[in-house]
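# Structure assessment
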Amino acid sequence: SESRIQCAALRSKIMSADEAAALITSGVNVGMSGFTGSGYPKAVPSALARRIVAANTAGGKFRIGVWTGASTAPELDGALAQVDGIEMRLPYQSDPHCRERINAGEMEYIDIHLSHVAQFVWFGFLGKLDVAVVEVAGILEDGRLVPSSSVGNNKTWLEQADKVILEVNSWQSSQLEGMHDIYYGTQLPPHRQPIPLLRPSDRIGEPYLRCDPDKVVAVVETHAPDRNSAFTAPDATSRRIAGHILEFLQHEVKKGRLPPDLLPLQSGVGNIANAVMAGLNEGPFDNLTAYTEVLQDGMLDMLRSGKLACASATAFSLSNGALAELNADLERYRERIILRPQEISNHPEVIRRLGVIAMNGLIEADIYGNVNSTHVMGSKIMNGIGGSGDFARNAYLSIFMTPSQAKGGALSCIVPMVTHVDHTEHDVQVLVTEQGLADLRGLSPRQRARVVIENCAHPDFRPALRDYFRRAMEGAPGKHTPHLLGEVFDWHLRALRGEGM
Ligand code: 0RQ
């Protein structure tokens, strides 16, 4: 794949993944590419894991800080977590080995809003970034880089790191060239200017990543696929959730609170999000747009059918089938898909200006509308907040969706008080389960509790929730957001003891 590396100076730096990994020393912070299983380095992290094993077998303690765009894959998070090579991880992960280490207290993890990461690095809040390991689809003659299947924080990693290691992956379609929009206009306060993005389809930057060739210490050639996980066909629960959302959106159009072609859509990852897209694809709305973080199968279907005019994101997260279809027709899709740095795809200013309709998943929501997206029983991390907070806080309409129960009906996802708060009651306008939809706009906490219990909770848990709420109204010292502090988590404690909620 010589043709992928057109810059002579960088061609001279081609080496093996093991040689490149040898340039990374213990204790450094490494910014890696990668976002929801797309565009992560495929070879250097595993080579580094081997190096870590060797160092630790010899009695050392080799560990690094790993910063990424979002979740990666077994070859990165998995490989490094398995060998206990990660001292600090940020900002989002979903790897089973990583999660296990974090929850065992063996790995530090900071869960950060995805739009915050790049600026926190520029502000100096997270310390020094030493090394960047970034996958690209190609290198131009002048050293500029063709981005891969995700952009994430790569712009910032390339600019901030002292040393850069590039993985050039010839498995990525060379036709990705021209799809990206890398904005180089961000400044630091007090010099910031408005971001000139007025429509999801706007291109405000350049299709390439800039990179100082003198900082590049290694170029590694790879030919390896992204982690493309299959989506299950929407089940009955997901379809019912999607149905409630579609009905609600139609109602909003009828009321004149949304235009007939809606407003730019953001949808989280997972099967419910995909089911909502499938519903929209068969629904009455045309000429839709997306301003989102991750482009998954459902949105690709909508681009193909023409329901979706364009989609802006920072990464793909496609199944193998969808990816094959995209690659077969990339020429045609390229115009209508824009991949941006995550500080732009998730930028509060832009999300607020465009009036995005945000739709995200949750672990539990409480009767007053607070949402926990990240922690099981208040202490065990699942994945992380990801971009959900960037979108929920700044959206035109912030929708959260979940099955009403988890773990085969053993747990209610609607609880008296969430055990961890990611999205406060102020950032949640609509709550949806397969049972129904609670429109919380304009309601006081007590009014919200009634509609959440009656519309969203599973019938098996409704009596207990009604009982709690009634007694809280009587016994709470304050009647604005009534709670019985002595028993509010009994519900969870009983479940932890295996007694059901
Ligand atoms: O665990 O598979 O071990 O059984 O949580 O739950 O129902 O499959 O739902 O895949 O949509 O994930 C919030 C985690 C939901 C996700 C969360 C358990 C459940 C299962 C997954 P098992 P489901 P989803 C932009 C948006 C934050 C990031 C975000 C998420 C697992 O949506 O990570 O929104 N969001 N990003 O059993 C105990 C409960 C539970 C529970 C569910 N009440 N108690 N376990 N589970 N409810 C995209 C990005 O940021 C990249």
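Right, let's walk through the structure included here.

Reading the values: rules and limits
Residues numbered from 1 in each chain as written. Predicted model: local features only at pLDDT ≥ 70, side-chain atom pairs only at ≥ 80, totals over all residues. Heavy atoms only, no water. Helix = DSSP H or I, 4+ residues; strand = E, 2+ residues; numbered from the N terminus. Rg over C-alpha atoms; globule rule 2.2 N^0.38 Å. Buried < 20%, exposed > 50% of the residue type's maximum accessible area, 1.4 Å probe, protein only. Areas by Shrake-Rupley, 256 points an atom, 1.4 Å probe, with all protein chains shown as cover. Contact = heavy atoms within 4.5 Å. Pairing = 2+ DSSP bridges. Near = heavy atom within 4 Å. Polar contact = N/O pair within 3.5 Å; in protein donor to acceptor, adjacent residues only side chain to side chain. Nonpolar A, V, L, I, M, F, W, Y, C, P; charged D, E, K, R; others polar. Lys, Arg positive; Asp, Glu negative; His and termini not counted. Salt bridge = Lys/Arg side-chain N within 4 Å of Asp/Glu carboxyl O. 1 Å grid on protein atoms, 1.4 Å probe; cavity = no way out; pocket = protein on both sides within 12 Å on 5 of 7 lines; lining within 4 Å. Points joined across faces, edges and corners; volume = space filled by probe spheres on them. Phe/Tyr/Trp six-rings, centres within 6.5 Å; stacked < 30°, edge-to-face > 60°. Lys NZ or Arg CZ within 6 Å of the ring centre and 35° of its normal.

### Points about the overall build of the protein chain
Within the protein chain, the regular secondary structure consists of 18 helices and 25 strands. The C-alpha radius of gyration computed for the protein chain amounts to 23 Å, which stays within 12% of the reference 23 Å derived for 501 residues, consistent with globular compactness. Principal-axis analysis of the C-alpha atoms gives the protein chain an extent of 75 × 55 × 45 Å. Counting over 501 residues, the protein chain shows a buried share of 58%. For the protein chain, the accessible surface area stands at approximately 18,900 Å², while carbon and sulfur atoms represent 51% of it.

### Notes on the side chain of glutamate 252
Relative to the assigned elements, glutamate 252 resides in helix H8 (residues 236-254). Given a relative accessible area of 1%, glutamate 252 falls into the buried group. Once you skip the residues sitting within four places of it in the chain, glutamate 252 turns out to touch Arg257, Leu258 and Arg441.

### Considerations on the pairing of strand E5 (residues 131-139)
The two faces of the sheet receive side chains in turn, since in a regular strand these alternate between them. Judged by how many residues are buried, E5 sits mostly within the fold: nine of nine residues are covered. Sheet analysis places strand E1 (residues 29-32) next to E5, joined by three bridges and oriented parallel. Looking across to E5, one finds that methionine 32 is bridged to valine 133. Sheet topology places E5 next to strand E7 (residues 163-169); five bridges connect them, and they run parallel. Counterpart to valine 134 in the pairing with E7 is leucine 166. As paired elements, E5 and strand E6 (residues 145-147) share three bridges and run antiparallel to each other. In the sheet register, isoleucine 139 faces E6, and the bridge partner there is leucine 145. Between the antiparallel neighbours E5 and E6 lie five residues, among them glycine 143 with a positive phi of about 95°.

### A closer look at the site of the ligand
The environment of the ligand is made up of 21 residues, and the closest members are Glu293, Ile363, Asn383, Gly387 and Lys407. Taking glycine 387, its main chain carries an N or O atom lying 3.1 Å from an oxygen atom of the ligand. The side chain of lysine 407 places a nitrogen or oxygen atom 2.8 Å from an oxygen atom of the ligand. Considered on its own, the ligand offers 990 Å² of accessible surface; in the complex 75% of this is hidden by protein. For the shell around the ligand, a count of residues per class yields nine nonpolar, ten polar and two charged.

### Description of the environment of proline 207
Relative to the helices and strands, proline 207 is located in the loop between E7 and strand E8 (216-222). Along the primary structure proline 207 and tyrosine 183 are separated by 24 residues, whereas in three dimensions their C-alpha atoms are 9.0 Å apart.

### Structural notes on the side chain of glutamate 293
Its place among the elements puts glutamate 293 in the loop between strand E10 (288-291) and strand E11 (294-296). Notably, glutamate 293 is buried but unbridged: the nearest opposite-charge side chain belongs to arginine 227, and the N-O separation is 11 Å. At 2.7 Å, the side chain of glutamate 293 and the side chain of asparagine 346 are in polar contact. Contact partners of glutamate 293, with chain neighbours within four places excluded, come to Phe35, Leu114, Ala313, Thr314, Ala315, Asn346, Gly387 and Phe391.

### Observations regarding the sheet that holds strand E23 (residues 414-415)
One open sheet holds the three strands; their spatial order is E17-E16-E23, and the pairing between them is mixed. Here the strands that pair on one side only, and so sit at the sheet edges, are strand E17 (371-372) and E23. One ladder, built from two bridges, connects strand E16 (residues 364-366) with E23; its direction is parallel. Paired with aspartate 366 across the bridge in E23 is valine 415.

### Quick look at empty space enclosed by the protein
Applying the stated rule across the entire model yields two cavities of 30 Å³ or more. As for the largest cavity, its lining consists of Ser38, Ser149, Trp171, Gln172, Ser173, Leu176, Asp226, Asn228, Phe316, Leu323, Leu326 and Asn327. Per-class residue counts for the lining of the largest cavity are five nonpolar, six polar and one charged. The computed volume of the second largest cavity comes to approximately 30 Å³. If you trace the second largest cavity, you find it lined by Thr36, Arg227, Asn228, Ser229, Phe231, Ser317 and Leu318. Split by residue class, the lining of the second largest cavity holds two nonpolar, four polar and one charged.

### Observations regarding the packing of aromatic side chains
Applying the stated criterion across every chain yields a total of four aromatic pairs. Between phenylalanine 120 and phenylalanine 125, the aromatic rings sit 5.3 Å apart at their centres with planes inclined by 50°, giving tilted as the arrangement. A residue is classified by how much of its surface remains accessible, and phenylalanine 125, at 54% relative accessible area, is exposed. Between the aromatic rings of phenylalanine 461 and tryptophan 491, the centroid separation amounts to 6.3 Å while the plane-to-plane angle is 45°, which identifies the pairing as tilted. Within this pair, whereas phenylalanine 461 is found in the loop between helix H16 (445-456) and helix H17 (462-475), its partner tryptophan 491 is found in helix H18 (residues 490-496), the two being separated by 30 residues in sequence. Per residue, the accessibility class of phenylalanine 461 equals that of tryptophan 491, and both read buried. Taken together, the aromatic side chains of Phe120, Phe123 and Phe125 make up a single cluster linked through ring pairs. The ring of tyrosine 40 carries the charged tip of lysine 42 above its face, separated from the ring centre by 4.0 Å.

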